[in-house]
Amino acid sequence: MPVTSILDREPDDRFRILDEDGEVVDGASVPDLSDEEFVEMYRMMKLARHFDQRAVSLQRQGRMGTYPPLSGQEGAQVGSAMALDDDDWLIPSYREHAATLVHGLPLEQTLLLWMGNEHGNDVPEDANVFTAAVPIASQVPHATGLAWASKLKDETGKGFLCYFGDGATSEGDFHEGLNFAGVFDTPNVFFCNNNQWAISVPRERQTASETIAQKATAYGFDGVQIDGMDPLAVYATTEAALEKAKNPGEGERRPTLVEAVQYRFGAHTTADDPSVYREEAEVEKWRAKDPIPRLEKFLRATGRLDDGDVERIEEAVEERVADAIEAAESTPRPDPREMFENVYEEMTPRLERQLAEFEELRETYGDEEILED
Amino acid sequence: MTETQNLTLVQAVRDGLRDAMAADDDVVALGQDIGKNGGVFRATQGLHEEFGDDRVIDTPLAESGIIGTAVGMAAYGLKPVPEIQFSGFMYPGFDQIVSHMSRMRTRSRGRYTLPMVLRAPYGGGIRAPEHHSESKEAFYAHEAGLKVVVPSTPYDTKGLLISAVRDPDPVVFLEPKKIYRAFREEVPDDPYEVPLGEASVRREGSDVSVFTWGAMTRPTLEAAETVADEMDVEVVDLRTLSPMDEETIVESFKKTGRAAVVHEAPFTGGLAGEIAATLQERALLHQEAPIERVTGFDTPFPLYALEDYYTPGPARIAEGLRNVMEF
């Protein structure tokens with residue numbers, strides 16, 4: 001089956017490659033990845049899961065602020081981000097800790113951001129990762145603009161992968177961003193992490209559409225629904241969509257809307273208590289679709305992974321996360337001057353005055369007294 | 001004698017909203033996560049059970065949709081109380097607020113009025129991520145046709161919210177979330193009103209007047225105690241920012257001749273400037289010192305590692321008061 005045909009499916013024909021037992025479904029073809037790449041996909045998903053558990057625990061211990069967990073969504077994040085080339089761009093929401101890691105944002109940065117330190121936003125210059133968006137759907141028009149600018153600059157061969165949740169599809173910005181992308185035929189892939197719940201509000205209350213993928217029809221381009229907990233289907237679909245964004249066929253529109261159907265196992269954020277609005281039985285039902293054991297079974301069955309590999313990966317993952325936490329926690333609190341320094345290229349006279357008065361106050365009273373509630 | 005309960009500020013929001021809904025079937029609450037979940041801060045907890053799906057409504061995630069449909073509901077005779085989860089997310093609905101909610105009465109020559117109350121938690125101090133902490137009350141006070149309320153105590157919260165729901169004009173009701181659970185106060189069980197547009201003198205004094213509101217009221221009172229052996233500070237809590245209680249402000253200033261304004265919002269374009277200008281217009285000859293503005297800085301509200309540097313605390317406020325006295 002040629003990969004581009006994934007995008008020709010009906011929006012309600014949910015695409016998958018691996019079933020819940022990690023077996024290749026009838027007629028599906030496995031993506032053309034090397035053994036190392038398959039294992040890397042697994043390793044990154046394991047890393048993401050462990051990182052997530054540690055981050056939630058840090059928040060519980062008061063070592064980190066509010067944090068949005070991703071467990072359950074590793075397949076969608078790692079599978080899609082692995083389909084990016086280095087030159088492609090990733091435009092995240094606020095939950096794509098695994099996807100951004102795959103595309104070059106260090107774990108330490110993600111930790112720092114949620115520890116309330118602006119240095120978490122120091123994305124390495126060579127990583128094409130856009131800044132995290134906390135408001136809902138506001139990054140969607142940005143992604144269209146980034147891709148549009150690339151097209152206006154006559155660049156070719158760059159795709160722009162933008163993530164958002166099911167709740168975001170209710171916002172005006174989602175519709176405006178997709179509409180522009182269709183009209184101006186921009187090289188975008190819009191990737192909806194449909195995790196079933198926008199905090200407490202179920203997918204059914206976001207839209208009366210049968211699928212989110214079908215919304216693409218209204219904007220004139222392809223929409224495809226996939227099993228977001230099947231990392232191979234995610235990879236194959238994203239790769240096909242990125243390929244089309246860069247090299248569309250005759251009369252084909254560049255953008256694609258991918259609806260990756262999945263589940264958030266944990267809370268929306270550490271400030272949320274999902275037991276108020278959903279049943280444990282529902283969570284259990286989705287746990288059976290967990291992307292990690294699913295990929296593991298496939299890799300073991302195809303001889304790409306054995307007990308020893310799994311053990312080594314788990315040890316390495318724990319070490320890497322522990323190192324990241326130590327690095328983040330030993331990063332000093334930013335200097336308060338930094339608040340003033342990045343507002344404009346050159347500080348305005350009024351801001352300079354405010355900074356001077358503030359420094360004088362710190363001098364006079366000392367930080368301890370200034371910070372007293 | 002009416003019974004009372006010892007409530008936090010967020011519980012007083014719920015109590016006030018509950019009473020308003022019980023008294024008037026036209027009052028409906030709508031927003032994200034306000035139903036089964038009871039609101040992310042639990043401000044609507046229990047109301048969905050009590051009033052059902054048609055009166056406590058979980059909406060799709062869309063601020064413009066929430067506020068815009070509330071405009072339509074209000075024009076059609078309901079009294080909607082939309083909640084925006086954090087005031088930092090009101091901007092997608094800003095067009096509806098300033099283009100429509102504020103001016104429906106004007107535009108329709110009085111035929112359509114919007115008796116709605118737009119509620120949102122606002123301000124910093126809870127170690128939240130970006131866009132969860134800003135104070136942009138000046139946006140709304142700048143807009144004609146809106147009333148803007150910021151309570152600072154549980155008692156006031158319930159009374160002001162009931163007044164806001166009963167008010168024929170649209171009200172933006174900003175709840176200082178830092179003090180949602182900071183302290184408790186006896187609040188009557190029965191409905192009561194605290195009138196909109198009236199400030200409250202929280203502490204009487206003769207040397208200098210401080211004008212403030214919301215979460216800044218408590219550190220201001222604390223600062224007033226800190227400097228008590230240097231000066232006698234009067235603290236006025238505005239409670240309603242639009243319409244502003246000019247009489248109380250001007251009278252206090254005439255008495256003391258010196259003033260500071262304390263707000264968490266940025267300096268430039270903040271309401272401190274508006275208050276200072278009003279005092280100069282109405283009481284210039286009573287003025288004995290420049291009016292001091294103790295405010296947030298002209299920077300985006302920082303991530304929480306620095307938020308306590310941004311927000312005025314008792315030490316900065318006390319310093320501001322000394323500046324006024326030493327002139």
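This is a predicted model, so every value here is computed, not measured.

Definitions and limits used
Starting afresh in each chain, residues are numbered from 1 along the sequence in its written order. Chain labels run from A onward and ligand labels from 1 onward, assigned in the order the entries are written. For a predicted model such as this one, the threshold for reporting local features is a pLDDT of at least 70, and the threshold for listing and counting side-chain atom pairs is 80 or more; totals across whole chains, interfaces and linings nevertheless cover every residue. Calculated side-chain values reflect all of the structure's heavy atoms, with hydrogen atoms and water omitted. Fitted lines through C-alpha atoms give the axes, limited to the stretch in contact for helices. The angle between two N-to-C directions lies from 0 to 180 degrees. Numbered from the N terminus, helices here are DSSP runs of H or I no shorter than four residues, and strands are runs of E no shorter than two. We call two directions roughly parallel when the angle between them is under 35 degrees, roughly antiparallel when it is over 145, roughly perpendicular when it lies between 65 and 115, and oblique otherwise. Working rule for handedness: look at the near helix, and if it is turned counterclockwise from the far one by less than a right angle, call the crossing left-handed; if clockwise, right-handed. We call two residues contacting when some pair of their heavy atoms lies within 4.5 Å. All amino acids are sorted into three groups, where Ala, Val, Leu, Ile, Met, Phe, Trp, Tyr, Cys and Pro are nonpolar, Asp, Glu, Lys and Arg are charged, and the leftover types, Gly among them, are polar. UniProt positions are given in the numbering used here, feature names are shortened, and annotations may be inferred rather than shown by experiment. Think of it this way: a Phe, Tyr or Trp ring, Trp meaning its six-membered ring, pairs with another when their centres are within 6.5 Å, and the plane angle makes it stacked under 30 degrees, edge-to-face over 60, tilted otherwise. Burial here depends on accessible area, computed with a 1.4 Å probe over protein chains only, as a share of the maximum for the residue type. Under 20% is buried, over 50% is exposed, and the range in between is partly exposed. Two conditions define a charge sitting above a ring: the NZ of Lys or the CZ of Arg must be within 6 Å of the ring centre, and it must be within 35 degrees of the ring normal. A strand pair is defined by DSSP finding two or more bridges across the two strands. Patch members must show over 30% relative accessible area and no salt bridge, and they are joined within 9 Å when carrying like charges or within 5 Å when they are nonpolar side chains of Val, Leu, Ile, Met, Phe, Trp or Tyr. Accessible surface area values rest on a Shrake-Rupley calculation with a 1.4 Å probe, where residue burial reflects the displayed protein chains alone. Here a salt bridge means any side-chain nitrogen of Lys or Arg lying within 4 Å of a carboxyl oxygen belonging to Asp or Glu. The convention is simple: Lys and Arg are positive, Asp and Glu are negative, and His and the chain ends are not counted. By convention, the charge on Lys lies at NZ, on Arg at CZ, on Asp at CG and on Glu at CD. By buried area we mean the combined loss of accessible area, with a 1.4 Å probe, across both parts when two parts are placed together. To estimate the expected span of a helix, subtract one from its residue number and multiply by 1.5 Å. Defined by distance alone, a disulfide is two cysteine sulfur atoms within 2.5 Å.

A few words on the packing of helix α1 (residues 35-60) of chain A against helix α4 (residues 107-114) of chain A. Between two packed helices, the angle of one axis relative to the other and the distance separating the axes together describe the packing. All names here are of chain A. In contact at an axis separation of 12 Å, α1 and α4 are set at 25° when each is read in the N-to-C sense. One way to sum up the angle between α1 and α4 is to call them roughly parallel. Like other packed secondary-structure pairs, α1 and α4 cross with a definite hand, here right-handed. Packed against α1, whose contacting residues are L47, F51 and L58, the element α4 presents L107, T110 and L111 at the interface. Tallied by class, the residues present in the contact of α1 with α4 amount to 5 nonpolar, 1 polar and no charged.

When the UniProt feature table is mapped to this numbering, "domain: Transketolase-like pyrimidine-binding" (unreviewed entry) covers residues 7-182 of chain B. Taken end to end, residues 7-182 of chain B is 36% helix and 16% strand, and its first and last C-alpha atoms sit 11 Å apart.

Moving on, we come to the packing of aromatic side chains. By the definition in use, this model includes 27 aromatic pairs over all chains. Judged by centre distance (4.6 Å) and plane angle (20°), the rings of B:Y155 and B:Y192 are stacked. Note that B:Y155 is positioned in helix α7 (residues 154-166) and B:Y192 in the loop between β8 (185-188) and β9 (200-203), a separation of 37 residues in sequence. A relative accessible area of 31% places B:Y155 in the partly exposed class. Residue classification places B:Y192 among the buried residues on the basis of a relative accessible area of 11%. Taken together, the ring pairs in this structure connect A:F340, A:F358, B:F297, B:F301, B:Y309 and B:Y310 into an aromatic cluster. A:R287 extends its terminal NZ or CZ atom over the ring of A:F265, reaching a point 4.5 Å from the ring centre. Positioned above the aromatic ring of A:W286, the side-chain terminus of A:K289 is 5.6 Å from the ring centre.

This part covers the UniProt feature "domain: Dehydrogenase E1 component" (unreviewed entry) in chain A. Cross-referencing UniProt, the feature "domain: Dehydrogenase E1 component" (unreviewed entry) maps to residues 42-336 of chain A in the present numbering. The span residues 42-336 of chain A shows a helical share of 46% and a strand share of 11%, and its end C-alpha atoms are spaced 41 Å apart.

With that settled, consider the sheet that holds strand β10 (residues 208-212) of chain B. Residue and element names in this part refer to chain B. The strand order across the open sheet formed by 5 strands is β9-β11-β10-β13-β14, and the pairing between neighbours is mixed. Two strands lie at the open edges of the sheet, namely β9 and β14 (292-296), each paired on one side alone. Each strand of the sheet is rotated relative to its neighbour by a mean of 25°, with strand direction disregarded. In terms of strand pairing, β9 meets strand β11 (residues 233-237) through 3 bridges, oriented antiparallel. Looking at the pairing, V201 lines up with V236 of β11. On the sheet, helix α10 (residues 271-283) packs against β10, β13 (259-266) and β14 and is oriented at approximately 155° with respect to β13.

Bringing the sheet that holds strand β3 (residues 188-194) of chain A into the picture now. Within a beta sheet, neighbouring strands are joined by backbone hydrogen bonds and run either parallel or antiparallel to one another. All names here are of chain A. Strand order in the open sheet formed by 5 strands is β1-β2-β3-β7-β6, and the pairing between neighbours is parallel. This sheet does not close on itself; its edge strands, each paired only once, are β1 (89-91) and β6 (222-227). The mean inter-strand angle of the sheet, taken between neighbouring strand axes irrespective of direction, is 20°. The sheet contact formed by β6 and strand β7 (residues 256-261) spans 6 bridges and is parallel.

Time to look at unusual backbone geometry. All names here are of chain B. A cis amide bond links S242 to the next residue, P243, at an omega of 0°. One can find P243 in the loop between β12 (240-242) and α9 (246-256). Unlike most non-glycine residues, D33 shows phi in positive territory, near 65°. Mapped onto the elements of the fold, D33 is located in the loop between β2 (27-31) and α2 (47-51). Assessed through its relative accessible area of 2%, D33 is described here as buried. Positive phi is not limited to glycine here, since R239 has a value of about 65°. Note on placement: R239 falls in the loop between β11 and β12.

This part is about a negative patch on the surface. Residues A:E311, A:E315, A:E318, A:E319, A:D323 and A:E326 make up a contiguous surface patch of negative charge. Assessed through its relative accessible area of 49%, A:E311 is described here as partly exposed.

Right, let's get into the environment of B:V208. Secondary-structure assignment places B:V208 in strand β10. When near neighbours in sequence (up to four residues on either side) are disregarded, B:V208 contacts B:M231, B:D232, B:V233, B:E234, B:T256, B:R258, B:A259, B:A260, B:L321, B:V324 and B:M325.

Between chain B and chain A, the residue contacts involve 43 residues of the former and 48 residues of the latter. It is B:L61, B:L303 and B:Y309 in chain B that bury the most area against chain A; as a group they hold 19% of the surface buried on that side. The interface formed by chain B and chain A holds 1 salt bridge in total. B:K178 is paired through a salt bridge with A:D373; the nearest N and O atoms lie 2.9 Å apart. When residues of the side of chain B that touches chain A are traced back to their parent elements, those giving at least two are β3 (56-58), α11 (307-310) and α12 (314-326) of chain B. Ranked by residues supplied to the side of chain B that touches chain A, first place goes to α12(B) with 5 residues.

Before going further, it helps to spend a moment on α10(B). With 13 residues, α10(B) extends 18 Å from end C-alpha to end C-alpha; this agrees with the ideal 18 Å at 1.5 Å per step. Considering only its buried residues, α10(B) is in contact with α6 (137-141), β10, β12, α9, β13 and β14 of chain B.

In the structure shown here, the tally under the stated rule is 0 disulfides over all chains. For A:C162, which is in no disulfide, the shortest distance to another cysteine sulfur is to A:C192 and amounts to 10 Å.

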